[in-house]
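What follows is the residue order along each chain.
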Amino acid sequence: MAADHRDAAQDTAQALRTDVLVVGAGPAGLMLACELRLGGAEVLVLDERPGPTTESRASTLHARTMEILDSRGLLDVLGTPPCEPRGHFGGIGLDLTLPSSHPGQWKVPQRRTEEILQDRAAALGAGLRRCHRLTGLSAGTDEVTADALGPDGPVRVSARYLVGCDGEDSTVRRLVGAAFPGSDARRELLRADVSGVRTADRRFQRLPDGLAISATRDDVTRVMVHEFGRPVGRRSGAPEFAEVADTWKRVTGEDISHGVPLWINAFGDFDRQLERYRHGRVLFAGDAAHQQMPSGGQALNLGVQDAFNLGWKLAAEVRGDAPEGLLDSYHTERHAVGADVLANIRAQTRLLLGGPEIEPVRAVLAGLVALDDVRIRLAGAVSGLSVRYDPAEGGGHPLSGLRLPPAELTRTGAGSGAAIRTPELLRDGRGLLLDLGAGADGAPAWGARVERVTARPAPGSPLTAGDALLVRPDGYVAWAGRSTGDPSLRSALRRWFGEPDRTRTAPHHSTETAAER
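Residues numbered from 1 in each chain as written. Predicted model: local features only at pLDDT ≥ 70, side-chain atom pairs only at ≥ 80, totals over all residues. Heavy atoms only, no water.

**Student:** Hey, could you run me through the overall build of the protein chain in this one?
**Tutor:** Looking only at helices and strands, the protein chain features eleven helices and 28 strands. For the protein chain, whose C-alpha radius of gyration is 24 Å, the value lies close to the compact-globule estimate of 24 Å for 517 residues. When its C-alpha atoms are laid out on the principal axes, the protein chain stretches across 75 × 65 × 35 Å. Buried positions account for 57% of the 517 residues belonging to the protein chain. A sequence separation of at least 24 residues applies to 72% of the contacts in the protein chain between residues at least 6 apart. (Helix = DSSP H or I, 4+ residues; strand = E, 2+ residues; numbered from the N terminus. Rg over C-alpha atoms; globule rule 2.2 N^0.38 Å. Buried < 20%, exposed > 50% of the residue type's maximum accessible area, 1.4 Å probe, protein only. Contact = heavy atoms within 4.5 Å.)

**Student:** Looking at this structure, I do not really get the pairing of strand S25 (residues 431-435). What am I missing?
**Tutor:** Most of S25 sits inside the fold, with five of its five residues counted as buried. Sheet topology note: the S25/strand S26 (residues 450-457) ladder contains five bridges and is parallel. Bridged to Leu433 within S26 is Arg452. The pairing of S25 with strand S27 (residues 468-471) spans four bridges and is antiparallel. Bridge pairing in S27 places Leu432 opposite Val471. (Pairing = 2+ DSSP bridges.)

**Student:** Even after reading the chapter, I still don't get unusual backbone geometry, so can you show me in this structure?
**Tutor:** Most peptide bonds take the trans configuration, and most residues that are not glycine carry a negative phi. The backbone of Phe204 shows a phi angle near 55°, a positive value even though the residue is not glycine. Mapped onto the elements of the fold, Phe204 is located in strand S15 (residues 202-207).

**Student:** For this particular structure, what's the right way to read the pattern of salt bridges?
**Tutor:** Side chains bearing opposite charge may pair, as long as their charged atoms lie close to each other. The tally for this structure, following the rule as stated, stands at 37 salt bridges. Taking the shortest distance from any N to any O, the salt bridge between Asp47 and Arg130 comes out at 3.4 Å. Within this pair, whereas Asp47 is found in the loop between strand S3 (43-46) and strand S4 (60-62), its partner Arg130 is found in the loop between strand S9 (127-129) and strand S10 (133-139), the two being separated by 83 residues in sequence. Summarising the burial analysis for this pair, Asp47 and Arg130 share the class buried. Glu67 serves as the salt-bridge partner of Arg403, at 2.8 Å between the closest nitrogen and oxygen. Highlighted residues: Arg403 in the loop between helix H10 (372-383) and strand S23 (408-411) and Glu67 in helix H2 (residues 63-71), separated in sequence by 336 residues. The two residues Arg403 and Glu67 agree in class, both being buried. Each of the salt bridges in this network shares a partner with another, and the network as a whole consists of Asp47, Arg49, Glu114 and Arg130. (Salt bridge = Lys/Arg side-chain N within 4 Å of Asp/Glu carboxyl O.)

**Student:** Which parts of the structure should I look at to understand the sheet that holds strand S18 (residues 260-268)?
**Tutor:** Strand-to-strand pairing in sheets goes through backbone hydrogen bonds, with the strands running parallel or antiparallel. Read across the sheet, five strands follow the order S15-S16-S17-S14-S18 without closing on themselves; strand pairing throughout is antiparallel. Of all the strands in the sheet, just S15 and S18 have a single pairing partner and so form its edges. Neighbour to neighbour, the strand axes of the sheet diverge by 15° on average, direction disregarded. Against the sheet, helix H8 (residues 328-353) makes contact with strand S14 (188-195), S15, strand S16 (210-217) and strand S17 (220-227), and its axis sits at roughly 65° relative to S15, the strand it touches most. (Axes fitted to C-alpha atoms, helices over the stretch in contact; angles between N-to-C directions.)

**Student:** Looking at this structure, I do not really get the side chain of Arg64. What am I missing?
**Tutor:** Looking at the element boundaries, Arg64 is found in helix H2. Exposure remark for Arg64: the relative accessible area of 5% places this residue in the buried category. In contact with Arg64, other than residues within four places in its own chain, are Gln305, Phe308, Ser383, Gly384, Leu385, Arg403, Asp474, Gly475 and Tyr476.

**Student:** Is there a simple way to think about the packing of aromatic side chains in this case?
**Tutor:** Geometry of an aromatic ring pair is reported as the spacing of the ring centres plus the angle between the planes. If you walk through the whole model with that rule in mind, you get four aromatic pairs. Residues Trp312 and Phe497 carry aromatic rings whose centres are separated by 6.2 Å and whose planes lie at 35° to one another, so their mutual orientation is tilted. On the criterion of sequence distance, the pair formed by Trp312 in helix H7 (residues 298-319) and Phe497 in helix H11 (residues 487-497) is long-range, its members being 185 residues apart. When its relative accessible area of 7% is taken as the criterion, Trp312 is described as buried. Their ring planes at 55° and their centres at 4.7 Å tell us that Tyr389 and Tyr476 sit as a pair that is tilted. Of this pair, Tyr389 sits in the loop between H10 and S23 while Tyr476 sits in the loop between S27 and strand S28 (477-481), and the two are 87 residues apart along the sequence. The pair Tyr389 / Tyr476 is uniform in exposure class, with both members buried. Each residue in the set Trp312, Trp496 and Phe497 is aromatic and connected to the rest through ring pairs, giving one cluster. Looking at Arg472, its charged tip hangs above the ring of Trp496, at a distance of 4.6 Å from the centre. (Phe/Tyr/Trp six-rings, centres within 6.5 Å; stacked < 30°, edge-to-face > 60°. Lys NZ or Arg CZ within 6 Å of the ring centre and 35° of its normal.)

**Student:** Help me understand the sheet that holds strand S19 (residues 271-273) in this model?
**Tutor:** Taken in spatial order, the three strands line up as S13-S19-S22 in an open sheet, and their pairing is antiparallel. Sheet topology places strand S13 (182-183) and strand S22 (290-292) at the edges, where each strand pairs with a single neighbour. Of the strand pairs in this sheet, S13 and S19 are connected by two bridges, and their pairing is antiparallel. Counted as the bridge partner of Gly182 is Arg272 from S19. The sheet strands contacting H8 are S19 and S22, and the helix crosses S19 at an angle near 175°.

**Student:** Would you mind showing me how to read the packing of helix H1 (residues 27-38) against helix H4 (residues 110-124) here?
**Tutor:** The relative placement of two packed helices is expressed as an angle between their axes plus a distance between the axes. At a minimum axis separation of 9 Å, H1 and H4 run at an interaxial angle of 25°. On the basis of the axis angle, H1 is roughly parallel to H4. Judged by the twist between their axes, the crossing of H1 over H4 is left-handed. Of the residues in H4, those touching H1 at Pro27, Leu30, Met31, Ala33, Cys34, Arg37 and Leu38 are Gln110, Thr113, Glu114, Leu117, Gln118, Arg120, Ala121 and Leu124. (Parallel < 35°, antiparallel > 145°, perpendicular 65-115°, else oblique. Left-handed = near helix turned anticlockwise from the far one by under 90°.)

**Student:** Which parts of the structure should I look at to understand the nonpolar core?
**Tutor:** A general trend in soluble globular proteins is that nonpolar side chains are found buried together. In this structure, Leu21, Leu36, Val172 and Phe284 are the most contacted members of the largest nonpolar core, which totals 68 residues. Tallying contributions element by element places H7 first for this core, with eight residues. Residues within four places of Phe284 in sequence aside, it is in contact with Val163, Gly164, Ser170, Val172, Arg173, Val176, Ala178, Leu274, Tyr277, His279, Ala289 and Tyr330. (Core = buried A, V, L, I, M, F, W, Y, C linked by side-chain atoms within 4.5 Å.)

**Student:** When you look at H7 in this model, what are you seeing that I'm missing?
**Tutor:** An α-helix turns once per 3.6 residues; consequently, residues spaced three or four apart project the same way. Spanning 22 residues, H7 covers 32 Å between terminal C-alpha atoms, matching the ideal 32 Å at 1.5 Å per step. Of all the 22 residues making up H7, 20 are buried; the element is thus mostly covered by neighbouring parts of the structure. Within two residues after H7, Gly320 carries a phi angle of roughly 95°, on the positive side. (Expected span 1.5 Å × (residues − 1).)

Now the structure itself:
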């Protein structure tokens with residue numbers, strides 16, 4: 001890929017160099033920075049904002065995202081946020097209880113999520129430069145050069161790779177000219193946080209003229225409203241509160257115009273996805289890769305999980321021990337997941353914002369979700385727990401391609417008798433060969449890239465005694481079988497971790513930031 005969009009005035013810019021430049025310090029960009037540093041890559045993050053978001057944006061972490069945070073030891077910092085076991089699918093109530101350590105939807109303000117990930121990235125040694133706006137980039141065969149404008153003037157960053165995590169209006173995507181097919185919004189929800197008003201709580205209340213949602217917490221009422229048949233125009237900014245109040249009155253008959261708006265925005269049913277998540281040395285994650293209506297809180301979670309998939313692969317590429325095709329597997333895996341999520345959001349949007357003509361479909365679905373197989377299918381899609389990647393090797397095992405389920409174990413090798421949970425085995429971001437009694441004969445050693453643990457599962461565990469599991473750094477089972485001497489295990493190790501190297505040492509996580517090098 002050849003792309004050159006640099007400003008000649010940047011010739012006097014401060015020069016920086018890093019392995020990976022991440023543009024955007026939202027949840028996806030910060031999670032990616034954490035994973036890159038955990039894998040030993042130098043990383044610098046640029047963001048236009050002065051700090052974590054102050055807006056009342058996404059507030060839901062789903063079960064898979066909570067498991068990811070658990071696997072990196074971040075739940076102690078997060079604490080125990082409010083959890084709601086029931087969510088919805090297109091406004092139809094849905095029980096999200098599935099086998100997980102954290103079923104349901106957890107209410108965490110996006111600002112708090114960003115603060116936790118920012119602190120984690122800083123502790124691992126990632127560089128972060130706030131108030132820096134990307135103005136140009138040039139991507140060649142060996143490196144990417146990016147220009148930005150910061151508080152102290154222009155900055156030029158040279159990096160081996162650049163990842164755009166800069167949201168649905170991505171500057172990186174525009175500068176690269178990446179194809180972003182799909183459709184613009186045809187329906188719109190207006191949203192406002194308002195003090196000084198009191199309305200009845202409404203959970204997806206469909207009225208003759210539209211949809212109304214409202215809830216009050218800590219004396220602040222969030223209202224969301226859609227008016228059936230109202231055309232969607234192009235917006236250059238947030239709507240005025242008068243527009244929200246007028247629409248709310250037409251739909252509900254209630255007057256909220258005397259309230260004090262604290263935050264207002266509008267979001268439509270945009271439906272776009274990049275054709276390719278990788279463009280040479282430029283990659284994309286989060287809303288920069290896909291634009292969707294934030295139905296059911298899926299957008300933030302999808303972006304965090306993009307970053308969790310990409311981080312260990314890109315770090316291996318930087319270290320030089322990535323097997324052929326590893327980095328390209330990011331697009332293969334996450335583009336497919338993104339397409340599935342966008343499809344379920346399209347369905348939800350029609351159920352939620354469709355007019356009276358959609359009522360028969362809603363009635364049928366409301367009956368179907370009472371069937372457990374249907375509920376499990378939909379809850380798995382919304383929560384992210386049903387994601388399954390193609391394992392190629394060991395594909396006949398029930399866990400192949402799925403995430404390693406949270407489970408209690410008792411060590412049988414080093415540290416014999418100690419109790420441990422499976423998420424704790426993933427803390428350092430390495431691969432894991434989990435031997436549950438399959439035997440060590442012929443078990444290959446892949447140095448510090450793959451840790452071997454022997455253990456036995458607790459009674460009632462989702463894991464089976466006698467199995468062996470090869471688990472990727474992102475927690476997904478790459479191979480499963482009954483013998484660690486199985487030749488297919490070696491194939492899986494080579495596919496995901498490259499050639500064996502007994503002399504390799506674990507990546508060193510320096511606390512020196514990329515901006516200081």
